[in-house]
Amino acid sequence: MRKIAVIYSGNAPHHRTFNEPKYRQYIQELIYFPEFLNTSLESYDVLIVPSQLNEKLLLESKEKMNDFAQRGGIVVAFGPQPWEWIPSQKWEDRETNFWWWLEKGANSGLVLTSSEYDLFNYITLSDATWHQHGVFWPIEGTQKLIITEDGGAVLYVDKVSTRGTWIVTTLDPDYHFGSYFMPATERFLDGFLPWLANGEI
């Protein structure tokens, strides 16, 4: 099983999500964000960077996260991520419709592009569908897993920008599960964390 560390803000949604026993079993350490720059990552295979983090600390930590990836580490970025700290990041902010499913003939606008990817042995597109904050436009060589109908990436894997792997998504399951809001986010985490620990990446 891969050793997973999570940057921890201490806010209420993160506290609930990352201390939930069924998720905590996959996490070796919660690293309090103000202490992150002084914490060694050498014993970890995966670093989860949650949504809703402090912008100043996030940008100050950019180099350390990149170094972790350059050593072959896996960095997971939950979104949205409008600040430029992800390698080759091309973010497009879009208006969020929180209640699209209440509309007549509702369509999420999301498309699964790589159904053969191992993650989708653990989750379905429905498990990754709640709302959108924006999209990424990844560079050539990355693998888009979930996109919008116009081709923007909602979830992609980047193995070309560094010697490691970046799993980047606009989705924010950590925030919504921790806020008791959006049932799909629990299904997403139920599959995503076991895949992150044991699946083929």
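As the structure is a prediction and not an experimental result, all values here were calculated from the model. (Residues numbered from 1 in each chain as written. Predicted model: local features only at pLDDT ≥ 70, side-chain atom pairs only at ≥ 80, totals over all residues. Heavy atoms only, no water.)

K.L.:
Give a detailed account of the pairing of strand β3 (residues 46–49), specifying residues and quantitative values.
P.N.:
Alternating positions in β3 separate into two faces, V46 and I48 on one and L47 and V49 on the other, with burial throughout. When strand β1 (residues 4–8) meets β3, the two strands line up parallel, connected through 3 bridges. Residue pairing in the sheet places I4 in a bridge with V46 of β3. Bridge count for β3 against strand β4 (residues 74–77) is 4 bridges, and the pairing is parallel. Residue pairing across strands places L47 opposite V75, the latter belonging to β4. (Buried < 20%, exposed > 50% of the residue type's maximum accessible area, 1.4 Å probe, protein only. Helix = DSSP H or I, 4+ residues; strand = E, 2+ residues; numbered from the N terminus. Pairing = 2+ DSSP bridges.)

K.L.:
Any chance you could break down the packing of aromatic side chains for me, citing the residues and the numbers?
P.N.:
Counted under the stated rule, the structure contains 10 aromatic pairs. Both rings, one in W91 and one in F136, keep their centres 5.0 Å apart while their planes meet at 65 degrees; by these two values the pair is edge-to-face. Here the residue W91 occupies a position in strand β5 (residues 91–93), and F136 occupies one in strand β7 (residues 134–136), the gap between them amounting to 45 residues. Judged by its relative accessible area of 18%, W91 falls in the buried class. Seen in terms of ring centroids, F188 and F192 are 5.1 Å apart; in terms of plane orientation they differ by 15 degrees. Their pairing is stacked. On the criterion of helical spacing, the pair formed by F188 and F192 is a turn pair, its members being 4 residues apart in helix α6 (residues 183–198). (Phe/Tyr/Trp six-rings, centres within 6.5 Å; stacked < 30°, edge-to-face > 60°.)

K.L.:
Describe the pattern of salt bridges, and please don't skip the residues or the numbers.
P.N.:
For the structure shown, the criterion picks out 4 salt bridges. The salt bridge involving K22 is made with E186; its shortest N-O contact spans 2.6 Å. Highlighted residues: K22 in helix α2 (residues 21–24) and E186 in helix α6, separated in sequence by 164 residues. A relative accessible area of 29% means that K22 is categorised as partly exposed. It is possible to trace a salt-bridge network through shared partners that takes in K22, E186 and D190. (Salt bridge = Lys/Arg side-chain N within 4 Å of Asp/Glu carboxyl O.)

K.L.:
Could you give me a rundown of the side chain of H176, with the residues and numbers involved?
P.N.:
Structurally, H176 is set in helix α5 (residues 173–178). Judged by relative accessible area, H176 falls into the buried class, the value being 2%.

K.L.:
Tell me what's going on with the nonpolar core, and back it up with residues and numbers.
P.N.:
Judged by nonpolar contacts, the single largest core of 38 residues is most densely connected at I48, V76, L119, I167, F188, F192 and L196. Where this core is concerned, the elements lending two or more residues are β1, β2 (27–32), β3, β4, β8 (143–148), β9 (153–158) and α6. Those residues in contact with I167 that lie beyond four places of it in its chain are I74, V75, V76, A77, L155, Y156, V157, F192, W195, L196 and I201. Grouped together as the second largest cluster of nonpolar side chains are 24 residues, I31, F33, Y44 and A77 included. (Core = buried A, V, L, I, M, F, W, Y, C linked by side-chain atoms within 4.5 Å. Contact = heavy atoms within 4.5 Å.)

K.L.:
How would you summarise the side chain of T162 if you had to cite specific residues and measurements?
P.N.:
Structurally, the position occupied by T162 is in the loop between β9 and β10 (165–169). A polar atom in the side chain of T162 sits 3.2 Å from the backbone nitrogen of G164. Of the polar contacts made by the side chain of T162, one reaches the side chain of W166; its length is 3.2 Å. Apart from the residues within four sequence positions on either side, T162 is in contact with N66, A69, Q70 and P87. (Polar contact = N/O pair within 3.5 Å; in protein donor to acceptor, adjacent residues only side chain to side chain.)

K.L.:
Could you give an account of unusual backbone geometry, naming the residues involved and the relevant values?
P.N.:
The omega angle of the peptide bond from G79 to P80 is 0 degrees, so this bond is cis rather than trans. Counting through the fold element by element, P80 comes out in the loop between β4 and β5. Notably, S88 is not glycine yet its phi reads approximately 55 degrees, a positive angle. Take S88: it is sitting in the loop between β4 and β5. Positive phi is not limited to glycine here, since Y180 has a value of about 60 degrees. In this fold, Y180 is placed in the loop between α5 and α6. Among the residues examined, Y180 registers a relative accessible area of 65% and is labelled exposed.

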